[in-house]
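# Observations on the model geometry
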Amino acid sequence: MKRTSIAILILGLITLFVAGCTKSDGSTENNTDLNIYTSIYPIQFAVEQIAGETADVHSVYPPGVDAHSYEPTSKDMTNIARSDAFIYLGAGMEGFAESAADALDSEDVKLIELGKNEHLFDKGTKNDASGHSHEEEAHADSHSDEEKSHDDEAEAHNDGHSDEEGAHDGHSHGDHDPHIWLDPMRMIELSEIVKDQLIELNPDEKDLYQANFNKLKEQLQSLDHDFQTVLEAKTNKHILVSHAAYGYWEERYGLEQIAINGLSTNNEPSQKELTEIIDQAEKYNLNYIIFEQNTSNRVSKVIQEHIQAKTATIHNLSVLTEKDLENDEDYLSIMKKNLETLDQVTS
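Rules used throughout
- Residues numbered from 1 in each chain as written.
- Predicted model: local features only at pLDDT ≥ 70, side-chain atom pairs only at ≥ 80, totals over all residues.
- Heavy atoms only, no water.
- Helix = DSSP H or I, 4+ residues; strand = E, 2+ residues; numbered from the N terminus.
- Axes fitted to C-alpha atoms, helices over the stretch in contact; angles between N-to-C directions.
- Parallel < 35°, antiparallel > 145°, perpendicular 65-115°, else oblique.
- Contact = heavy atoms within 4.5 Å.
- Nonpolar A, V, L, I, M, F, W, Y, C, P; charged D, E, K, R; others polar.
- Pairing = 2+ DSSP bridges.
- Core = buried A, V, L, I, M, F, W, Y, C linked by side-chain atoms within 4.5 Å.
- Buried < 20%, exposed > 50% of the residue type's maximum accessible area, 1.4 Å probe, protein only.
- Phe/Tyr/Trp six-rings, centres within 6.5 Å; stacked < 30°, edge-to-face > 60°.
- Expected span 1.5 Å × (residues − 1).
- 1 Å grid on protein atoms, 1.4 Å probe; cavity = no way out; pocket = protein on both sides within 12 Å on 5 of 7 lines; lining within 4 Å.
- Points joined across faces, edges and corners; volume = space filled by probe spheres on them.
- Salt bridge = Lys/Arg side-chain N within 4 Å of Asp/Glu carboxyl O.

With that settled, the discussion passes to unusual backbone geometry. Excluding glycine, a negative phi dihedral is what most residues carry, and trans is how most peptide bonds are arranged. The phi dihedral of Asn285 is positive, around 55°, even though this residue is not glycine. Mapped onto the elements, Asn285 comes out in the loop between helix H10 (271–283) and strand S9 (288–292). Notably, Leu317 is not glycine yet its phi reads approximately 70°, a positive angle.

What follows is the structure, given as structure tokens:
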């Protein structure tokens, strides 16, 4: 993660560019109530949907970058210091955010780390944000025939990646899988925390924020229903993915991810790991390798030679791309496309 160098860089930038910064009369350039910076895109989306026209919302990430390794510029840090709030996930997701938050602690900006809310990462429950419980028996039938084979797969997969436990793509996520936003029901919980923080920042707009949150909640519940409907009937829910980011889909929708860990220009699977991945792909008759929108497909050529696999893409939503912006894509539209991909690659 290069945390030491990142921390030194952040502290240096703060010292040089932020120490003298002050808010210019407390208003934003568009005369809105709040000026807010976020890290990953799903947080930006939640703030935009709930705050509406009362806030200018910006992600510190440029389009298409790697959210795990991006380092902010001096201008980024100055802008964050001058804003009303910086909202980030933490939990090891952003390579720079925690060091930046420490450096910004003396500035007049509210620092909001959503990952401090441990319940966002709780596993072993399918309770959604509306209080409804998805019974464990609902997925029991679809898993009963695969239980033994999944245990065998897990053992082989863990043997191949024991040295990388808790880490992938060269970054560590600590004790949590940070990709909570890929689960629409956890996205509701995240959004509710955002709503409460916005009310603290701007209590005069409490009713608006509550109404906007309620609308977003309904949209996310509908999205969850779509995922349940499409995936419930699948008999082979194994997916071959480039990044082990889909644990919450495993938990809620019964998918089984086979991950190509370390898929990056400087950390690719070993020959042993490639062999195990190929064996598992052949065992489960997988015809697709799923990559993310901001990853290289170089390794796919190696695996394709053995299993003649096609490639598919899932958007991890950590950042938008230039193409996403040109097409006015948002969290909901991208997640629906992700579901279309899952429908295509499962059977």
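With that settled, consider the packing of helix H7 (residues 184–201) against helix H8 (residues 206–232). H8 packs onto H7 with a crossing angle of 175° between their chain directions and a minimal axis gap of 9 Å. Taken together, the axis directions place H7 and H8 in an arrangement best described as roughly antiparallel. Between H7 and H8, the contacting residues are Pro184, Met185, Met187, Ile188, Ser191, Glu192, Lys195, Leu198 and Ile199 on the first element and Lys206, Tyr209, Gln210, Phe213, Leu216, Lys217, Leu220, Gln221, Leu223 and Asp224 on the second. Grouping the constituent residues of the contact of H7 with H8 by class yields eleven nonpolar, three polar and five charged.

Moving on to the sheet that holds strand S10 (residues 310–314). Strand pairing in a sheet is mediated by backbone hydrogen bonds. Such pairs are either parallel or antiparallel. Pairing in this open sheet of four strands is parallel, and the strands run S8-S7-S9-S10 from one edge to the other. The outermost strands of the open sheet, each flanked by one partner alone, are strand S8 (256–259) and S10. Each strand axis lies, on average, 40° off the axis of its neighbour in the sheet, ignoring direction. Direction of pairing for strand S7 (residues 238–241) relative to S8: parallel, over a ladder of four bridges.

Trp249 and Tyr331 are the most contacted members of the largest nonpolar core, which has 78 residues in total. No other element matches the eight residues that H7 contributes to this core. Leave out the neighbours within four places in its chain, and Trp249 touches Leu182, Asp183, Phe227, Gly254, Leu255, Ile314, Met335, Asn338 and Leu342. Ranked by size, the runner-up nonpolar core spans 15 residues in total, among them Ile260, Ile277, Ala281 and Leu286.

This part covers the packing of aromatic side chains. On inspection of all chains with the given rule, the structure shows nine aromatic pairs. Judged by centre distance (5.3 Å) and plane angle (20°), the ring pair of Phe86 and Tyr88 falls under stacked. One exposure class covers both Phe86 and Tyr88, and it is buried. One aromatic cluster is present, formed by Tyr61, Tyr70, Phe86, Tyr88 and Phe96 through successive ring pairs.

Here we come to H10. In this model, H10 (13 residues) spans 18 Å end to end at C-alpha, consistent with the 18 Å of a helix rising 1.5 Å per residue. The set of residues buried in H10 consists of Glu273, Leu274, Glu276, Ile277, Ile278, Gln280 and Ala281. Just past H10, the residue Asn285 takes up positive phi, approximately 55°.

Once that is clear, we can look at empty space enclosed by the protein. Applying the stated criterion across every chain, the model contains one cavity of 30 Å³ or more. One number sums up the size of the largest cavity: a volume of about 40 Å³. Lining the largest cavity, in full, are His238, Ile239, Leu240, Leu286, Asn287, Tyr288, Ile290 and Val345. Elements with a minimum of two residues in the lining of the largest cavity: S7 and S9. Broken down by element, the lining of the largest cavity gets its largest block of residues, three residues, from S7. Tallied by class, residues from the lining of the largest cavity come to six nonpolar, two polar and no charged.

Another point: helix H2 (residues 41–51). The α-helix advances 3.6 residues per turn, and as a result positions three or four apart in sequence lie on the same side. With respect to burial, H2 is a largely interior element, nine of its eleven residues being buried. Listing the buried residues of H2 in full gives Tyr41, Pro42, Ile43, Gln44, Phe45, Ala46, Val47, Ile50 and Ala51. Looking one or two residues past H2, Gly52 carries a phi angle of roughly 60°, positive in sign.

Within S9, five of the five residues are buried, which leaves the element mostly enclosed by the surrounding structure. Burial of S9 is two-sided: the residues Tyr288, Ile290 and Glu292 facing one way and the residues Ile289 and Phe291 facing the other way are all buried. Pairing analysis gives two bridges linking S7 to S9, with the strands arranged parallel. For Val241, the partnering residue across the bridge sits in S9 and is Ile290. When S9 meets S10, the two strands line up parallel, connected through five bridges. Bridging across to S10, Ile289 finds its partner in Thr311.

A word on the pattern of salt bridges. Considering all chains together, one arrives at seven salt bridges under this definition. A salt bridge links Arg252 to Asp183; the shortest N-O distance between them is 2.7 Å. With Arg252 in helix H9 (residues 247–253) and Asp183 in the loop between strand S6 (171–172) and H7, this residue pair connects regions lying 69 residues apart in the sequence. For Arg252, a relative accessible area of 2% puts it in the buried group. For Lys337, the salt bridge goes to Glu329, with nearest N and O atoms at 2.4 Å.

In short, the description is geometric, and any link to function would need to be established separately.
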